Amino acid sequence: MKNPRRVFLMTVAASSGAFVLGVQAQAQAMLDEKDPQAVALGYVADASKVDTKKFPKFVAGQNCTNCALYQAKAGAAAGGCPLFGAKQVAGKGWCSAWAKKG
(Lines give C-alpha, C1' and ligand atoms only; values in the text may rest on other atoms or scores of the structure.)
Protein backbone atom coordinates (compact mmCIF):
# COMPACT_ATOMS: atom_id res chain seq x y z
CA MET A 1 0.00 0.00 0.00
CA LYS A 2 1.41 3.39 -0.96
CA ASN A 3 1.73 6.09 1.62
CA PRO A 4 -0.83 8.78 0.58
CA ARG A 5 1.08 11.48 2.44
CA ARG A 6 4.28 10.72 0.55
CA VAL A 7 2.44 10.69 -2.78
CA PHE A 8 0.79 14.00 -1.91
CA LEU A 9 4.11 15.63 -0.95
CA MET A 10 5.82 14.39 -4.11
CA THR A 11 2.92 15.72 -6.22
CA VAL A 12 3.09 19.12 -4.52
CA ALA A 13 6.87 19.28 -4.98
CA ALA A 14 6.62 18.37 -8.67
CA SER A 15 3.83 20.88 -9.25
CA SER A 16 5.78 23.65 -7.50
CA GLY A 17 8.83 23.01 -9.66
CA ALA A 18 6.79 23.13 -12.84
CA PHE A 19 5.12 26.35 -11.68
CA VAL A 20 8.47 28.02 -10.97
CA LEU A 21 9.83 26.97 -14.36
CA GLY A 22 6.66 28.28 -16.02
CA VAL A 23 6.96 31.64 -14.26
CA GLN A 24 10.61 31.96 -15.23
CA ALA A 25 9.83 31.16 -18.87
CA GLN A 26 6.96 33.64 -18.86
CA ALA A 27 9.11 36.35 -17.26
CA GLN A 28 11.64 35.97 -20.06
CA ALA A 29 9.16 36.37 -22.91
CA MET A 30 10.23 38.93 -25.50
CA LEU A 31 8.01 41.88 -26.28
CA ASP A 32 6.26 41.61 -29.63
CA GLU A 33 6.25 44.78 -31.74
CA LYS A 34 2.52 44.17 -32.32
CA ASP A 35 1.72 44.16 -28.58
CA PRO A 36 -0.77 47.00 -27.92
CA GLN A 37 1.56 48.75 -25.43
CA ALA A 38 4.49 48.40 -27.86
CA VAL A 39 2.42 49.88 -30.69
CA ALA A 40 1.30 52.76 -28.47
CA LEU A 41 4.92 53.64 -27.67
CA GLY A 42 6.30 53.00 -31.15
CA TYR A 43 8.54 50.14 -29.96
CA VAL A 44 10.79 48.49 -32.53
CA ALA A 45 13.22 45.68 -31.78
CA ASP A 46 15.84 47.33 -34.02
CA ALA A 47 16.35 51.07 -33.51
CA SER A 48 17.67 51.44 -37.07
CA LYS A 49 14.09 50.80 -38.24
CA VAL A 50 12.48 53.71 -36.36
CA ASP A 51 10.07 55.72 -38.50
CA THR A 52 11.75 59.14 -38.16
CA LYS A 53 8.80 60.90 -39.77
CA LYS A 54 6.49 59.53 -37.09
CA PHE A 55 9.07 60.00 -34.30
CA PRO A 56 11.11 63.11 -35.20
CA LYS A 57 12.73 63.25 -31.73
CA PHE A 58 14.58 60.00 -32.42
CA VAL A 59 18.35 60.47 -32.72
CA ALA A 60 20.65 57.84 -34.20
CA GLY A 61 22.43 56.01 -31.39
CA GLN A 62 19.42 55.91 -29.07
CA ASN A 63 18.44 52.37 -28.10
CA CYS A 64 17.18 50.44 -25.10
CA THR A 65 20.66 49.73 -23.71
CA ASN A 66 21.32 53.45 -23.20
CA CYS A 67 17.82 54.22 -21.89
CA ALA A 68 17.28 55.04 -18.20
CA LEU A 69 14.36 52.58 -18.06
CA TYR A 70 16.31 49.55 -19.35
CA GLN A 71 16.94 46.95 -16.63
CA ALA A 72 19.65 44.53 -17.68
CA LYS A 73 23.29 43.84 -17.06
CA ALA A 74 25.79 45.57 -19.34
CA GLY A 75 26.16 43.74 -22.62
CA ALA A 76 22.86 41.83 -22.31
CA ALA A 77 21.00 41.31 -25.58
CA ALA A 78 17.65 41.85 -23.85
CA GLY A 79 16.34 43.11 -20.55
CA GLY A 80 13.34 44.29 -18.65
CA CYS A 81 11.55 47.59 -18.98
CA PRO A 82 8.93 48.72 -16.45
CA LEU A 83 6.77 50.03 -19.28
CA PHE A 84 6.21 46.53 -20.64
CA GLY A 85 5.67 44.46 -17.49
CA ALA A 86 7.30 41.04 -17.40
CA LYS A 87 8.26 41.09 -21.09
CA GLN A 88 11.81 41.79 -22.16
CA VAL A 89 12.84 44.32 -24.76
CA ALA A 90 15.72 43.99 -27.21
CA GLY A 91 18.85 45.90 -26.22
CA LYS A 92 18.98 47.23 -29.78
CA GLY A 93 15.33 48.27 -29.59
CA TRP A 94 13.78 51.72 -29.12
CA CYS A 95 10.49 53.31 -28.11
CA SER A 96 9.18 56.84 -27.80
CA ALA A 97 9.61 56.78 -24.01
CA TRP A 98 13.41 56.61 -24.40
CA ALA A 99 15.21 58.68 -21.74
CA LYS A 100 18.95 59.27 -21.48
CA LYS A 101 20.75 57.35 -18.72
CA GLY A 102 22.49 59.28 -16.05
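Just so it is clear, the structure is predicted and the values come from calculations on it, not from any experiment.

Q: Go over the overall build of the chain with me, naming the residues and quoting the values.
A: The helix and strand inventory of the chain stands at two helices and two strands. Counted over contacts in the chain with a minimum sequence separation of 6, partners at least 24 positions apart contribute 58%.

Q: If you had to explain the packing of aromatic side chains to someone new, which residues and values would you point to?
A: Going through the model one piece at a time under the given rule, you end up with three aromatic pairs. Each residue in the set Phe-55, Phe-58 and Trp-94 is aromatic and connected to the rest through ring pairs, giving one cluster.

Q: I'd like to hear about the pattern of salt bridges, residue by residue, with values.
A: A side chain of one charge can pair with a side chain of the opposite charge if their charged atoms are brought near each other. Using the criterion set out here, one finds one salt bridge in the structure. One salt bridge in this structure joins Asp-35 and Lys-87, with 2.8 Å as the shortest N-O distance. Of this pair, Asp-35 sits in the loop between helix 1 (4-27) and helix 2 (36-41) while Lys-87 sits in the loop between strand 1 (78-80) and strand 2 (88-90); the two residues are 52 residues apart in sequence, bridging distant segments of the chain. Overall, Asp-35 belongs to the buried group, its relative accessible area being 16%. Owing to a relative accessible area of 31%, Lys-87 belongs among the partly exposed residues under this scheme.

Q: Describe the environment of Ala-40, listing the residues and the values that go with them.
A: Within the fold, Ala-40 resides in helix 2. Residues Ala-40 and Cys-95, spaced 55 residues apart in sequence, show a C-alpha to C-alpha distance of 9.2 Å.

Q: Describe in detail the nonpolar core, supporting the description with residues and values.
A: Core analysis: the largest hydrophobic core is formed by 11 residues, namely Leu-31, Ala-38, Leu-41, Tyr-43, Cys-64, Tyr-70, Cys-81, Phe-84, Val-89, Ala-90 and Cys-95. Looking at this core, the elements that each hand over two or more residues are helix 2 and strand 2. In contact with Cys-95, other than residues within four places in its own chain, are Leu-41, Gly-42, Tyr-43, Leu-83 and Phe-84. Counting six residues, the second largest nonpolar core, distinct from the first, contains Val-50, Phe-55, Phe-58 and Trp-94.

Q: Pulling in residues and values, what's your account of the confidence of the model for the chain?
A: Averaged over every residue, the pLDDT of the chain is 85; the share at 70 or more is 74%. Per-element mean pLDDT across the chain ranges from 56 in helix 1 up to 98 in strand 2.

Q: Which residues make up the environment of Asp-32, and what values go with them?
A: By secondary structure assignment, the location of Asp-32 is in the loop between helix 1 and helix 2. Asp-32 gets classed as partly exposed once you look at its relative accessible area, which sits at 46%. C-alpha of Asp-32 to C-alpha of Val-89: the two residues are 57 residues apart in sequence and 8.6 Å apart in space.

What counts and how
Residues numbered from 1 in each chain as written. Predicted model: local features only at pLDDT ≥ 70, side-chain atom pairs only at ≥ 80, totals over all residues. Heavy atoms only, no water. Helix = DSSP H or I, 4+ residues; strand = E, 2+ residues; numbered from the N terminus. Contact = heavy atoms within 4.5 Å. Phe/Tyr/Trp six-rings, centres within 6.5 Å; stacked < 30°, edge-to-face > 60°. Salt bridge = Lys/Arg side-chain N within 4 Å of Asp/Glu carboxyl O. Buried < 20%, exposed > 50% of the residue type's maximum accessible area, 1.4 Å probe, protein only. Core = buried A, V, L, I, M, F, W, Y, C linked by side-chain atoms within 4.5 Å. pLDDT = per-residue confidence, 0-100.

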